[in-house]
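Notes for the structure review
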Amino acid sequence: MTLSDFDYDLPEELIAQEPPARRDAARMLVLHRNQQRWEDRAFRDLPEYLAPGDCLVVNESRVFPSRLLAGRIEVMLLEPVSGDATEWRALVRPGKRLRVGDKVAFDGTLSAEIIAVNERGERMVRLIADGDVHAAIDRLGHVPLPPYIRRADNAEDRERYQTVFARERGSVAAPTAGLHFTPEILEAACNAGAGIAPVSLHVGLGTFQPIDRDDFENHQLHYERYAVSEDSWGEIENARRVIAVGTTSVRTVESVAASGALSGVTNLFIYPGYRFRRVNAMLTNFHLPRSSLLLLVSALTGSDFALAAYRHAVEQRYRFFSYGDCMLIL
């Protein structure tokens, strides 16, 4: 297989530009792998597919407003590298204009100084704040909506591009399968007998990094930080069926299962041929063509079945990507 085998035609109007009116209003395409069939349902039907012994694994990482703007200059914060959150890995635009020693003022209370140039065009920046750095970022930063959402972020995105179970800040993109959940759906899942195991993987640009080679097996993902509590891992280990909510939860569970380490960094790249150690099922949104996320889905479903399901979703006018509809793979 080559990367071109994981392409599909997607009309641009199917890319969701806004969240649905209600979090739980998404459609849900349910894939039954053993029977090689699917059914068109609604996300609110999810508890009907759960039973005692199931465990929903949710990523509780919190998105922070990582885009800092000063006119046409953008500093996209990726990850703090100092304990006081003053030094960060970042992307800057336009990169050619910002060199080591240059400073960017966002307002009278926050500025950034370029202190180093890293690999892949990243910069190291030092934030200079009048008061608490995180408070300044929260006040001035913009929600890091993905580029296929072709509009500026707004006040609603601060809530809707965030899961209801988000806890520890650290992600520059939302674990989007979790965006559909409401407290009521979580309660209904528990009433159906399913356990809830929170984990954390701070989503970086690596999750969405384009694959630039047709022999995708040689692609390398960026490292991302993860952590799983002993209680959550016990819930996962003892579950009859582990249903990962989103690709980040899949990679977290499989990273722990492979390494035995409950925390650390991972660049686990899952593609067809991968043998899953602990994940049995997943809830996921629809992903970009030729992406590492589509490859992960295809590893669980089988490539032909996944792409056939995607073609069905296009024909049935499902909404795609971050604010779009979802798929339950059983």
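Before reading further, recall that the structure is shown in the block above.
Remember, predicted model here, so these are calculated numbers, not experimental data.

How each quantity is defined
Residues numbered from 1 in each chain as written. Predicted model: local features only at pLDDT ≥ 70, side-chain atom pairs only at ≥ 80, totals over all residues. Heavy atoms only, no water. Helix = DSSP H or I, 4+ residues; strand = E, 2+ residues; numbered from the N terminus. Rg over C-alpha atoms; globule rule 2.2 N^0.38 Å. Buried < 20%, exposed > 50% of the residue type's maximum accessible area, 1.4 Å probe, protein only. Disulfide = S-S within 2.5 Å. Contact = heavy atoms within 4.5 Å. Arc of directions from axis to C-beta. Pairing = 2+ DSSP bridges. Axes fitted to C-alpha atoms, helices over the stretch in contact; angles between N-to-C directions. Phe/Tyr/Trp six-rings, centres within 6.5 Å; stacked < 30°, edge-to-face > 60°. Salt bridge = Lys/Arg side-chain N within 4 Å of Asp/Glu carboxyl O. Parallel < 35°, antiparallel > 145°, perpendicular 65-115°, else oblique. Left-handed = near helix turned anticlockwise from the far one by under 90°. Nonpolar A, V, L, I, M, F, W, Y, C, P; charged D, E, K, R; others polar.

The subject of this paragraph is the overall build of the chain. When helices and strands are tallied, the chain shows 7 helices and 17 strands. Taken over C-alpha atoms, the radius of gyration comes to 20 Å for the chain, in line with the 20 Å a tight globule of 330 residues would show. Considered along the principal axes of its C-alpha atoms, the chain spans approximately 60 × 40 × 40 Å. Per-residue burial for the chain yields a buried fraction of 55% across its 330 residues.

This next bit is on the state of the cysteines. All chains considered together, the criterion is met by 0 disulfides. Just so you know, Cys190 is unpaired, no disulfide at all, and the nearest cysteine sulfur is the one on Cys55, 10 Å from it.

When you line up the elements, Ser232 lands in helix α4 (residues 230–238). Note on Ser232: relative accessible area 5%, which makes it buried. Dropping the residues within four chain positions of it, Ser232 is found in contact with Ala197 and Pro198.

Along α4, the residues that are buried comprise Ser232, Trp233 and Ile236. The buried residues of α4 occupy an angular sector of 95 degrees when projected down its axis, which confines them to one face. Facing away from the buried surface of α4 by more than 90 degrees, the exposed residues are Glu230, Asp231 and Asn238. The inward-facing, buried residues of α4 contact β3 (54–59), β12 (195–201), β13 (224–228), β14 (241–245) and α5 (247–259).

The 9 strands are arranged β2-β1-β17-β16-β14-β3-β12-β13-β15 in an open sheet whose pairing can be described as mixed. Edge strands, defined here as strands with exactly one partner in the open sheet, are β2 (37–42) and β15 (263–266). Along the sheet, successive strands turn relative to each other by an average axial angle of 25 degrees, direction set aside. Judged from the 5 bridges that link them, β3 and β12 form a sheet pairing that is parallel.

Tallied over the full model, the rule gives 17 aromatic pairs. With 5.0 Å between their ring centres and 65 degrees between their planes, Tyr8 and Tyr310 make a pair best called edge-to-face. In this pair, Tyr8 is assigned in the segment before β1 (27–32) and Tyr310 in helix α7 (residues 303–315), connecting sequence segments 302 residues apart. The residues Tyr8 and Tyr310 share a single accessibility class, namely buried. Note on Phe286 and Tyr310: the rings are 5.3 Å apart at their centroids and 80 degrees apart in plane angle, and the pair reads as edge-to-face. Of this pair, Phe286 sits in the loop between β16 (281–285) and α6 (292–301) while Tyr310 sits in helix α7, and the two are 24 residues apart along the sequence. For the pair shown, Phe286 and Tyr310 are each scored as buried. Joined through ring pairs, the aromatic side chains of Tyr8, Tyr148, Phe286, Tyr310, Tyr318, Phe320 and Phe321 make up one cluster.

Right, let's talk about the sheet that holds strand β10 (residues 123–129) for a bit. Here 6 strands make up an open sheet; going across it, the order is β5-β6-β7-β10-β9-β8 and the pairing antiparallel. The sheet is open, and its two edges are formed by β5 (67–70) and β8 (103–107), each paired on a single side. Geometrically, the sheet is characterised by an average inter-axis angle of 35 degrees between neighbouring strands, direction not taken into account. When strand β7 (residues 87–93) meets β10, the two strands line up antiparallel, connected through 4 bridges. Within β10, the position partnered with Ala90 by the bridge is Arg123.

On to helix α3 (residues 183–191), then. Taken together, the buried positions of α3 are occupied by Ile185, Leu186 and Ala189. Burial along α3 is one-sided: seen end-on, the buried residues are contained in an arc of 100 degrees. Opposite the buried face of α3, by more than 90 degrees, sit the exposed residues Pro183, Glu184, Glu187 and Asn191. With its phi angle positive at about 105 degrees, Gly193 sits one or two positions after the end of α3.

A few words now on the pattern of salt bridges. Under the criterion given, the structure shown has 23 salt bridges. Residues Arg317 and Glu13 are paired through a salt bridge, measuring 3.5 Å at the closest nitrogen-oxygen approach. Of this pair, Arg317 sits in the loop between α7 and β17 (326–329) while Glu13 is found in the segment before β1, placing the two residues 304 residues apart along the sequence. According to the relative accessible area criterion, Arg317 is partly exposed, its value standing at 44%.

Looking now at the packing of α6 against α7. Between α6 and α7, the shortest axis-to-axis distance is 7 Å and the interhelical angle comes to 120 degrees. In terms of axis orientation, α6 runs oblique to α7. Judged by the twist between their axes, the crossing of α6 over α7 is right-handed. Counting all contacts with α6, which are made through Leu294, Ser298 and Thr301, the residues of α7 involved are Ser303, Phe305, Ala306, Leu307 and Tyr310. Per-class residue counts for the contact of α6 with α7 are 5 nonpolar, 3 polar and no charged.

As far as function goes, none of this settles anything; it's purely spatial.
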